[in-house]
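As a plain string of letters, each chain reads:
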Amino acid sequence: MKPPPPAEIRAEDELAAADVRVMLTAPSRAALLENLGITDQDASDLLPLLDAAAADAEVLAEVAETANRLRAAAGLEVPEVDLAAEKERHDALQRRLAPGEGLVAILALLVSTSTVRAWHAVRGLTPEQSWEVLADLGQQMRVHRAGTGRLGLHQLNWVSMNWAGRLVHLGRLQFDLHRRRAALLAGAGSTPSADSSRRWVLGTHIPARGPLDPSEVDASFDAATAYFTEHYPELGAGRGPEEPAFGHEFVCDSWLLSDQLAEITGEGSNLARFAARWEMLERSRMDDGALFFVFGRRPPVDVASLPRSSRLERGVAERLEDGRGWIGGLGRLLR
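Residues numbered from 1 in each chain as written. Predicted model: local features only at pLDDT ≥ 70, side-chain atom pairs only at ≥ 80, totals over all residues. Heavy atoms only, no water.

Student: Whenever I open this one, the overall build of the chain confuses me. Can you help?
Tutor: The helix and strand tally for the chain stands at 16 helices and eight strands. A compact globule built from 335 residues should have a C-alpha radius of gyration of about 20 Å, and the chain, at 21 Å, falls within 12% of that. In terms of principal-axis extent, the alpha carbons of the chain reach across some 65 × 60 × 35 Å. A burial count over the chain gives 51% of its 335 residues as buried. For the chain, the accessible surface area stands at approximately 15,300 Å², while carbon and sulfur atoms represent 52% of it. (Helix = DSSP H or I, 4+ residues; strand = E, 2+ residues; numbered from the N terminus. Rg over C-alpha atoms; globule rule 2.2 N^0.38 Å. Buried < 20%, exposed > 50% of the residue type's maximum accessible area, 1.4 Å probe, protein only. Areas by Shrake-Rupley, 256 points an atom, 1.4 Å probe, with all protein chains shown as cover.)

What follows is the structure, encoded as structure tokens:
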């Protein structure tokens, strides 16, 4: 009988600063950047900084320490490393090499993939699928460049969540494993409950990779159900008869879950059709989310200066400017 997969994978050793220096300067580093989705101008700007970091003992020591925290473990209950808590100190250290933000985290992420890749392997991802998950680092760096015009990373804890191992990229969408309160998931029309128990659900994320074609979205949901039910069977155990089967319950907490999209882009648009899939559990103001994901900008911003070259940009900018703001929220989808 095949033994159950482990609940986590832990590193058996730690990287010394000398190990990190070798990894940052190795001939294979160009291939590593490509595997992690770091391409074009980001790759060109980053390569000389790898050499500069390897030659700076203080920066190198911090990269090694951060990398060891990132690679210490990956698994179901492993908390993501709080890179955002170190941002101010890391960015001050970065100024020894270059202006900007996120470089220390980027370097640490580069040299700390071994544990999460091992976790992916025991949970049924191919090497190609594993690298696709981790290539979100390059995607987040492109988003940073689009908003700032330079190399960097500010979605620090989003990327460190990937390194903890609970996110998978399947087709058009990304999915992460996490727990939600059963009382919240009961949905509209259910009797309110003080139940504080939590169950595993599949969080849904929409990377900036082109249109949200409905057939591609359906294929991603189907792939997620097939993958998670096969490779995480233990997460479906112990559910009550009234609870949805594991792998068939999705949640999404996003600015995209908004009725305003139908008003702006039309009910038949891909964005509006995606929003209409979800039963809304909570609604909230998400001005910052709309600002970031539509324009690649973060506060403070002169809203009057935002581009308005598409219906979406015009609609979001007008609502941010006139005080209506942007209403998104948390939704649930059963399949």
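Student: Mind showing me how you'd approach the side chain of Gln-94 here?
Tutor: Here Gln-94 shows up in helix H5 (residues 87-94). We classify Gln-94 as buried; its relative accessible area is 3%. Here the side chain of Gln-94 touches Leu-103 through a polar contact of 2.9 Å, landing on its backbone nitrogen. (Polar contact = N/O pair within 3.5 Å; in protein donor to acceptor, adjacent residues only side chain to side chain.)

Student: Looking at this structure, how should I read the pattern of salt bridges?
Tutor: For side chains of opposite charge, pairing can occur when their charged atoms come near one another. Under the criterion given, the structure shown has 30 salt bridges. Two residues, Asp-259 and Arg-283, come together in a salt bridge whose shortest N-O distance is 3.8 Å. With Asp-259 in the loop between strand S6 (249-254) and helix H13 (260-265) and Arg-283 in strand S7 (residues 279-285), the pair connects residues that are 24 residues apart, well separated along the chain. One connected set of salt bridges, linked through shared partners, spans Arg-199, Arg-239, Glu-243, Glu-249, Glu-279 and Arg-332. (Salt bridge = Lys/Arg side-chain N within 4 Å of Asp/Glu carboxyl O.)

Student: For this particular structure, what's the right way to read unusual backbone geometry?
Tutor: A negative phi holds for most residues other than glycine; trans holds for most peptide bonds. Note that the residue after Pro-299, namely Pro-300, is joined by a cis bond; omega there is 0°. Mapped onto the secondary structure, Pro-300 falls in the loop between helix H15 (287-295) and helix H16 (311-322).

Student: Looking at this model, I keep getting lost on the layout of surface pockets. Mind explaining?
Tutor: To find leftover empty space, a probe the size of one water molecule is rolled over the atoms. Of the volumes computed, that of the largest pocket is approximately 1,000 Å³. In terms of lining, the largest pocket is formed by 37 residues, of which the most central are Ile-206, Pro-207, Ala-208, Trp-255 and Phe-293. Of all elements in the fold, only helix H9 (136-148), strand S4 (173-181), strand S5 (198-205), S6, helix H14 (270-276) and H15 reach the threshold of two or more residues within the lining of the largest pocket. When residues in the lining of the largest pocket are grouped by element, the largest group, six residues, is from H9. Its residues assigned to classes, the lining of the largest pocket shows 18 nonpolar, 12 polar and seven charged. Around the second largest pocket sit Lys-2, Pro-3, Pro-4, Pro-5, Val-122, Glu-230, His-231, Pro-233 and Glu-234, which together line it. A class-by-class count of the residues in the lining of the second largest pocket yields five nonpolar, one polar and three charged. (1 Å grid on protein atoms, 1.4 Å probe; cavity = no way out; pocket = protein on both sides within 12 Å on 5 of 7 lines; lining within 4 Å. Points joined across faces, edges and corners; volume = space filled by probe spheres on them. Nonpolar A, V, L, I, M, F, W, Y, C, P; charged D, E, K, R; others polar.)

Student: Can you walk me through the environment of Leu-110 in this structure?
Tutor: Inspection of the secondary structure puts Leu-110 in helix H6 (residues 103-110). For Leu-110, a relative accessible area of 3% translates into the label buried. Separated by 43 residues in the primary sequence, Leu-110 and Ala-67 have C-alpha atoms spaced 8.3 Å apart. For Leu-110, the residues in contact, after removing those within four places along its chain, are Leu-32, Leu-33, Leu-36, Ile-38, Leu-46, Leu-50 and Leu-137. (Contact = heavy atoms within 4.5 Å.)

Student: When you look at the sheet that holds S7 in this model, what are you seeing that I'm missing?
Tutor: The pairing of strands in a sheet comes from backbone hydrogen bonds and takes either a parallel or an antiparallel form. Pairing is mixed across the open sheet formed by six strands, whose spatial order is S3-S4-S5-S6-S8-S7. Here the strands that pair on one side only, and so sit at the sheet edges, are strand S3 (167-170) and S7. Neighbour to neighbour, the strand axes of the sheet diverge by 30° on average, direction disregarded. Sheet analysis places S4 next to S5, joined by eight bridges and oriented antiparallel. In the sheet register, Phe-175 faces S5, and the bridge partner there is Thr-204. (Pairing = 2+ DSSP bridges. Axes fitted to C-alpha atoms, helices over the stretch in contact; angles between N-to-C directions.)

Student: For this particular structure, what's the right way to read the side chain of Thr-204?
Tutor: Along the chain, Thr-204 turns up in strand S5. On the basis of relative accessibility, which here comes to 3%, the residue Thr-204 falls in the buried class. Filtering out sequence-adjacent residues up to four positions away, Thr-204 remains in contact with Leu-173, Gln-174, Phe-175, Phe-221, Phe-250, Val-251, Cys-252 and Trp-278.

Student: Explain the nonpolar core here, please?
Tutor: Here is a general trend for soluble globular proteins: nonpolar side chains tend to be buried in one another's company. Within the largest apolar cluster, 90 residues are counted, with the highest numbers of intra-cluster contacts made by Leu-46, Leu-110, Leu-137 and Phe-228. Not counting residues within four places of it along the chain, the set of residues in contact with Leu-46 comprises Leu-33, Ile-38, Leu-103, Ile-106, Leu-107, Leu-110, Met-141 and Leu-151. (Core = buried A, V, L, I, M, F, W, Y, C linked by side-chain atoms within 4.5 Å.)

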